[in-house]
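Architecture and fold: a report
Chain by chain, the residues:
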Amino acid sequence: DELVATVAVRAREMPEGSYPTKLLREGVDRIGRKIGEEAAEVIIAAKNGVADELAWEVADLWYHSLVLLTAVGADPDMVWQQLRSRHGTRRETSNG
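Keep in mind that this is a model prediction, so the values were computed, not measured. (Residues numbered from 1 in each chain as written. Predicted model: local features only at pLDDT ≥ 70, side-chain atom pairs only at ≥ 80, totals over all residues. Heavy atoms only, no water.)

**Structural notes on the overall build of the protein**
- Along the protein, the regular secondary structure elements total five helices and zero strands.
- Mapped from its N terminus to its C terminus, the protein presents α and β elements in the order α-α-α-α-α.
- Dimensions of the protein along its principal axes, counting C-alpha atoms only, are 50 × 30 × 25 Å.
- Looking at the 96 residues of the protein, the share that counts as buried comes to 21%.
- Within the protein, contacts between residues separated by at least 24 positions form 49% of all contacts whose residues are at least 6 apart in sequence.
- Carbon and sulfur atoms provide 56% of the accessible area of the protein, an area that totals close to 7000 Å². (Helix = DSSP H or I, 4+ residues; strand = E, 2+ residues; numbered from the N terminus. Buried < 20%, exposed > 50% of the residue type's maximum accessible area, 1.4 Å probe, protein only. Contact = heavy atoms within 4.5 Å. Areas by Shrake-Rupley, 256 points an atom, 1.4 Å probe, with all protein chains shown as cover.)

**Some remarks on the nonpolar core**
- Counting 10 residues, the largest nonpolar core is built from V7, L23, L24, I31, I35, V42, L61, Y63, L66 and V67.
- Elements represented by at least two residues in this core include exactly helix 2 (19–26), helix 3 (28–48) and helix 4 (51–71).
- With four residues, the top contributor of residues to this core is helix 4.
- With residues up to four places along the chain from it excluded, the contact list for L61 reads I35, E38, A39 and V42. (Core = buried A, V, L, I, M, F, W, Y, C linked by side-chain atoms within 4.5 Å.)

**Section: the layout of surface pockets**
- Approximately 420 Å³ is the volume found for the largest pocket.
- Taken together, 14 residues line the largest pocket, and the ones lying closest to its centre are V4, W62, L66, P76 and W80.
- Taken together, the elements giving at least two residues each to the lining of the largest pocket come down to helix 1 (2–13), helix 4 and helix 5 (77–86).
- Sort the elements by how many residues they give to the lining of the largest pocket and helix 4 lands first, with five residues. (1 Å grid on protein atoms, 1.4 Å probe; cavity = no way out; pocket = protein on both sides within 12 Å on 5 of 7 lines; lining within 4 Å. Points joined across faces, edges and corners; volume = space filled by probe spheres on them.)

**Side note on the pattern of salt bridges**
- According to the stated counting rule, one finds six salt bridges in the structure shown.
- Among the ionic pairs, K34 bridges to E37, the shortest N-O distance being 3.5 Å. With K34 and E37 both in helix 3 and three residues apart, this pair spans about one turn of that helix. (Salt bridge = Lys/Arg side-chain N within 4 Å of Asp/Glu carboxyl O.)

**Re the environment of L54**
- By the element assignment, L54 lies in helix 4.
- Looking at L54, the relative accessible area reads 29%, which means it is partly exposed.
- Remark: the alpha-carbon pair of L54 and I44, spanning 10 residues in sequence, is separated by 8.3 Å.

**A word on the packing of helix 2 against helix 3**
- Remark: helix 2 packs on helix 3, axes separated minimally by 5 Å, with the N-to-C direction vectors making an angle of 115 degrees. On helix 3, the residues touching Y19, L23, L24 and E26 of helix 2 are V28, R30, I31 and K34.
- Grouping the constituent residues of the contact of helix 2 with helix 3 by class yields five nonpolar, no polar and three charged. (Axes fitted to C-alpha atoms, helices over the stretch in contact; angles between N-to-C directions. Nonpolar A, V, L, I, M, F, W, Y, C, P; charged D, E, K, R; others polar.)

Structural data, given as structure tokens:
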């Protein structure tokens, strides 16, 4: 909650020198590219099998995803609602 609030304040105030400000000014495309980079790093960390490295990279991925949600005006609680709505349900996939 504290991080969500901090990113929201940065988005509202856009202080110079703030990393979220920089990302938000560069826009959704840049934030999306950053998320792609972080996702690749998550995969590499998982393949390396080092829990601390994986946790670090997942934190980066989640952080940048939070900034993206903020950039498009989506409340991060929407993600939790989606996850709760999926609990206990099985989604059919093309591979069975």
